[in-house]
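Observations on chain architecture
The primary structure of each chain is shown beneath.
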Amino acid sequence: MKALLVLSVPLLVFALPTCGLWLLGRRAKVPAWMMTVFLAAGWLTVLVGGFLSQRAQPALFPETSPCHGAGTPVSRYLPPDSFCRHDDGELRTVNGPSGKLVFWLALGVAVSVPGVALVRRRVEPGRRPRPARLANLHGWPPT
């Protein structure tokens, strides 16, 4: 029973949303490379954000926390960051700038790809939409 639970959690958390978004993108005729970039950037954003927000929390061994002996761990989820609250009340981050840069770049890509796909879908290169004539919109006068 435990093995079934261990296998079903990644299926529900990772595979189901990924397949659902992939199928929606294919139905909307979004190119495969755009869907791949979007899904990779989205999952990278989720994973890096989760890592950054939980870094100060003691996981298995309290001695492994960066805040052990220095203060109390504090987490912020958006924008993701972890802090140590020291005895004097000051919050000091435990994350460096490189992790935050990866998070913001991945988030920017994940947010901008759907907009690019929408613009690309509306006006394809080489195909300009023809303006409709006002008189022929309703079929009158017949031509």
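Quick summary incoming for the structure in this document. (Residues numbered from 1 in each chain as written. Predicted model: local features only at pLDDT ≥ 70, side-chain atom pairs only at ≥ 80, totals over all residues. Heavy atoms only, no water.)

**Focus on the overall build of the protein chain**
The line we're drawing: Each helix corresponds to a stretch of at least 4 residues labelled H or I by DSSP, and each strand to a stretch of at least 2 residues labelled E; elements are numbered beginning at the N terminus. With a 1.4 Å probe rolled over the protein chains alone, any residue whose accessible area is under 20% of its type maximum counts as buried; one over 50% counts as exposed, and the rest are partly exposed. Residues are treated as being in contact if the distance between any of their heavy atoms lies within 4.5 Å. Methods summary: accessible areas were calculated by the Shrake-Rupley approach with a probe of 1.4 Å, and residue burial reflects only the protein chains presented.
Along its length, the protein chain carries three helices and three strands. Counting across all 143 residues of the protein chain, residues that qualify as buried make up 20%. Taking the intrachain contacts of the protein chain between residues at least 6 apart in sequence as the baseline, contacts between residues at least 24 apart amount to 44%. Total accessible area on the protein chain stands at roughly 11,000 Å², and carbon and sulfur atoms take up 69% of it.

**A word on the nonpolar core**
Just so we agree on the cut-off: What we call a nonpolar core is a set of buried Ala, Val, Leu, Ile, Met, Phe, Trp, Tyr and Cys residues that are connected through their side-chain atoms within 4.5 Å.
Counting residues in each nonpolar core, the largest one holds five residues, listed as V30, M34, M35, V113 and A117. For this core, the secondary-structure elements that each account for two or more residues are α2 (32-54) and α3 (97-122). Those residues in contact with V113, other than ones at most four positions away along the chain, are M34, V37 and F38.

**With respect to a nonpolar patch on the surface**
Rules: Patch membership is restricted to residues that have no salt bridge and whose relative accessible area is over 30%. Joining uses 9 Å for like charges and 5 Å for the nonpolar side chains Val, Leu, Ile, Met, Phe, Trp and Tyr. Any Lys or Arg side-chain nitrogen found within 4 Å of a carboxyl oxygen on Asp or Glu counts as a salt bridge.
The grouping of L5, V9, L12, V13, F14 and L16 at the surface amounts to a nonpolar patch, some 600 Å² of accessible area in total. The residue V9 is located in helix α1 (residues 2-27) in this model.

**Focus on the state of the cysteines**
Applied cut-off: By disulfide we mean two sulfur atoms from cysteines, separated by a distance within 2.5 Å.
Counted under the stated rule, the structure contains one disulfide. Two residues share a disulfide in this structure: C67 and C84, whose sulfurs sit 1.8 Å from each other. Measuring handedness by torsion sign, the sulfur bridge of C67 and C84 sits at about -95° and is left-handed. Residue C67 is located in the loop between α2 and β1 (71-77), and its partner C84 is located in strand β2 (residues 80-86); the two are separated by 17 residues in the primary sequence.

**Considerations on the sheet that holds β2**
The condition is simple: For two strands to be treated as a pair, DSSP must find no fewer than two bridges joining them. Orientation is described by axes fitted as lines to C-alpha atoms, over the contacting stretch for helices, and by angles from 0 to 180 degrees between their N-to-C directions.
As summarised here, the arrangement of the three strands in space is β1-β2-β3, forming an open sheet in which the pairing is antiparallel. Where the open sheet ends on each side, the last strands, each with one partner, are β1 and β3 (91-93). Averaged over all adjacent pairs, the angle separating strand axes in this sheet is 35°, with direction ignored. In this sheet, β3 lies alongside β2 in antiparallel orientation, the contact comprising three bridges. Each bridged residue has a counterpart across the sheet, and for F83 the counterpart in β3 is T93. This element, α2, spans β1 and β2 of the sheet and lies at about 5° to β2.

**Here we look at the packing of α1 against α2**
Our working definition: Angular relationships are summarised with four words: roughly parallel below 35 degrees, roughly antiparallel beyond 145, roughly perpendicular across 65 to 115, and oblique for the angles in between. Note: crossing handedness is left-handed where the near helix turns anticlockwise from the far helix by less than a right angle, and right-handed where it turns clockwise.
For the pair α1 and α2, interaxial distance at closest approach is 10 Å and the crossing angle is 150°. With respect to α2, the axis of α1 lies roughly antiparallel. Pair α1 / α2 crosses with right-handed handedness. Of the residues in α2, those touching α1 at V13, F14, T18, L21, W22, G25 and R26 are A32, M35, T36, F38, L39 and W43.

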